[in-house]
Amino acid sequence: MHLKPLLDYHEASKHRFEAFAAGPGYLDWATQPNPFRRYAGARMLTLEQVAESAEPGYDAIFQPDRFPAPAPLDHHSLSQLFFDSLALSAWKSTGANRWALRVNASSGNLHPTEAYLVCGPVAGLCERPMVAHYAPRQHALEVRAEFSPALWQRLSSGFPPGTILVGLASIHWREAWKYGLRAYRYCMHDAGHALCAVTIAAAGLGWHARLLDTVGSSELACLLGTSQPHTGEPEEPDLLVACMPRAPDPLPEPAADVLREFATLDWQGSANALSPAHVDWGVEAIAALARKPHGPAARAASGAGLQAWPAVQRAVALRRVIRQRRSAVAMDGATRMPRDTFYHLLERTLAVPGRVPFSALAWQPALHLVLLVHRVDGVPPGLYLLVRDPAQRARLERAITQADPWQRPAECPDSLPLFCLLQRDTRAAARAIACHQEIASDGCFSLAMLAEFRAPLERYGAWMYPRLYWEAGMIGQLLYLEAEAAGLRATGIGCFFDDPMHEVLGLPDSEFQDLYHFTVGGAVEDARLTTLPAYG
Ligand SMILES: Cc1cc2nc3c(=O)[nH]c(=O)nc-3n(C[C@H](O)[C@H](O)[C@H](O)COP(=O)(O)O)c2cc1C
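Computed from a predicted structure; not experimentally measured.

A few words now on the packing of helix α4 (residues 172–179) against helix α5 (residues 183–204). Running from amino to carboxyl end, α4 crosses α5 at an angle of 130°, the nearest separation of the two axes being 8 Å. With respect to each other, α4 and α5 are oriented oblique. Once α4 is placed against α5, the crossing between them reads as right-handed. Touching His172, Glu175, Ala176 and Tyr179 of α4 are Ala183, Tyr184, Tyr186, Cys187, Met188 and Asp190, all from α5. Residue classes in the contact of α4 with α5 are distributed as 7 nonpolar, 1 polar and 2 charged.

The following block contains the structure:
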């Protein structure tokens, strides 16, 4: 398997104490990318700005016996799906500046992720099957192409009635403008955040989301229309997810020839240019290396061996949590969290079979959480490890050479594979490794997502690389929601020094790699900013 160019990219895009990965080093405001792609000339279908509801409760979507009954597929439920996953959540302003926030988090708020709906006829929305681009600013769909019921039949064969497909694509330039070479990683984190957001919004409607990962990148480009020539910045198709009233097992696999047929449709609308000029940081070339051929997908070798905990039921509405999610810009350095809340939050990040959001992914969990605990009552400060795939425990124990004998923390439930590696104050290390950002030391805890790196790449090929980041982004979006549900706040941290983190753990080689950081704590609100409603 020819992995070298991709592994070289991974090394070159590491931030180091001595030097950051290659990037512009300043913000060229004249070429700041427009965060909103539009297809001029495409017919627009307005979606409903759905009023907030108390039901379902946030915790219900994680519990099989309280999972909502499937909503009928219609204009209202589709409006809800996008409103709860990829819509605007607020506008912020200070002085003359105004910028939109969204339900899905994005590195630098640059939002490289574009979304497409592929569906059959939907009551109140469309009479013919269509491919439509989601326009978050308008909360509307732009019809890119209509197609025959016969083609929809062939595409959706084996899926239950009421299935829709959501495709995600990345405009790398939006992140490259600010972050240069490292931008590809951030785009893939963001795709993972968006995938998690769609999965959780679908669960709110009683729908099951599953990644259709046998689909190849070039077939997906045909389906979503991103392979159609235009003069705007290119979009790289990332993934296709089915949202269904029930999840068939095995999952149907759309055929390559059916997907390719979409390239011949009459595509409507022309993509806007997002910037007047561009700098090539080589990100498109990296994305090309990581394209997936049509065919077998990564599959879990065994059940994750994890069990769900007894249910918790907090009086927190799912859609309140989803739409109030924000990144903390600073943590207060004082808020503490109770031990049970900490354990509970970690438990939610486990890929318990069938449970959202990781039910959307078919592969064996590849990421583990290295926790730097600062302020958790009943859990002494120190370095901890949550082994998200128990099958990898022995390998992790061998690889992590800078640790005391692993110990189970006090009162830690048997089914939570959490271990204390070192007891000590890790605040200075947390801050230094997170590019000296105080949010990493001023929260209740911060964490590094440590991926089993070489083995999945060697087993599957370069196309597994973005998928490791998707898994990281999904954990991230879930951590944001879990923090909100616990009355706390979180922030994703893409800026960190990779190898210094590996050195803290004493990792000898690239068998495991740190892919993403996060912090959770009590936020300090920025009183200089005004918050305005998302729409109207
Ligand atoms: C992949 C990723 C990396 C991020 N890295 C950082 C970071 O290093 N430092 C930081 O303060 N915020 C970071 N953020 C938070 C974003 O700046 C934030 O999500 C964005 O401004 C949008 O704001 P919102 O999350 O409140 O919607 C990151 C977010 C993501 C998704």
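All right, on to the state of the cysteines then. Note on terminology: a disulfide is the covalent bond linking the sulfur atoms of two cysteines. Evaluated as defined, the whole model comprises 1 disulfide. A sulfur-sulfur separation of 2.2 Å characterises the disulfide bridge that pairs Cys435 with Cys495. Disulfide Cys435-Cys495: torsion about the S-S bond near -90°, hence left-handed. Of this pair, Cys435 sits in the loop between α12 (427–433) and β17 (445–452) while Cys495 sits in the loop between β18 (489–493) and α15 (498–505), placing them 60 residues apart in sequence. In this structure Cys435 comes out as buried when scored by relative accessible area, which is 13%.

What follows deals with the nonpolar core. Across soluble globular proteins, nonpolar side chains have a tendency to be buried as a group. Leu125, Met130, Leu141, Phe342, Leu371, Leu418 and Met449 are the most contacted members of the largest nonpolar core, which has 133 residues in total. Considering every element that reaches this core, the biggest residue donor is helix α14 (residues 464–485), with 14 residues.

Let's shift gears to the sheet that holds strand β20 (residues 530–532). Reading across from one edge, β4-β3-β20 is the order of the 3 strands in this open sheet, with antiparallel pairing throughout. Because the sheet does not close on itself, it has two edges, and the strands there are β4 (97–102) and β20. Here the strands of the sheet are splayed against their neighbours by 30° on average, with no regard to which way each runs. Here strand β3 (residues 88–94) runs beside β20; their pairing, made up of 3 bridges, is antiparallel.

A separate point is the pairing of strand β8 (residues 164–170). Here β8 lies mainly inside the structure; 7 of its 7 residues are buried. Of the two faces of β8, the one holding Ile164, Val166, Leu168 and Ser170 and the one holding Leu165, Gly167 and Ala169 are both buried throughout. By the bridge criterion, 6 bridges tie strand β5 (residues 113–119) to β8 in an arrangement that is antiparallel. Directly across from Tyr116, in β8, lies its bridge partner Gly167. The pairing of β8 with strand β10 (residues 236–244) spans 7 bridges and is antiparallel. Bridged to Val166 within β10 is Val241.

Here the focus is the site of the ligand. Near the ligand, the surroundings consist of 22 residues, among which Arg325, Ser327, Gln437, Gly492 and Gly494 are the closest. At a separation of 2.7 Å, a nitrogen atom of the ligand approaches a polar side-chain atom of Gln437. Burial of the ligand by the protein chains amounts to 84% of its free accessible area of 620 Å². Elements supplying a minimum of two residues to the shell around the ligand: β4, α5 and β18. Looking at side-chain class alone, the shell around the ligand contains 7 nonpolar, 11 polar and 4 charged residues.

Attention now moves to the sheet that holds strand β2 (residues 43–46). On the basis of which strands lie adjacent, the open sheet formed by 7 strands has the order β2-β7-β6-β5-β8-β10-β9 and antiparallel pairing. Two strands bound the open sheet, and with one partner strand each, they are β2 and β9 (208–211). Strand-to-strand twist across the sheet, computed as the mean angle between neighbouring axes with direction ignored, equals 30°. Pairing of β2 with strand β7 (residues 140–146) involves 4 bridges; the strand directions are antiparallel. Directly across from Leu45, in β7, lies its bridge partner Leu141. Across the sheet, helix α6 (residues 217–224) lies against β5, β6 (130–135), β8 and β10, angled at about 70° from β10, the strand it touches most.

Thresholds applied
Residues numbered from 1 in each chain as written. Predicted model: local features only at pLDDT ≥ 70, side-chain atom pairs only at ≥ 80, totals over all residues. Heavy atoms only, no water. Axes fitted to C-alpha atoms, helices over the stretch in contact; angles between N-to-C directions. Helix = DSSP H or I, 4+ residues; strand = E, 2+ residues; numbered from the N terminus. Parallel < 35°, antiparallel > 145°, perpendicular 65-115°, else oblique. Left-handed = near helix turned anticlockwise from the far one by under 90°. Contact = heavy atoms within 4.5 Å. Nonpolar A, V, L, I, M, F, W, Y, C, P; charged D, E, K, R; others polar. Disulfide = S-S within 2.5 Å. Buried < 20%, exposed > 50% of the residue type's maximum accessible area, 1.4 Å probe, protein only. Core = buried A, V, L, I, M, F, W, Y, C linked by side-chain atoms within 4.5 Å. Pairing = 2+ DSSP bridges. Near = heavy atom within 4 Å. Polar contact = N/O pair within 3.5 Å; in protein donor to acceptor, adjacent residues only side chain to side chain. Areas by Shrake-Rupley, 256 points an atom, 1.4 Å probe, with all protein chains shown as cover.

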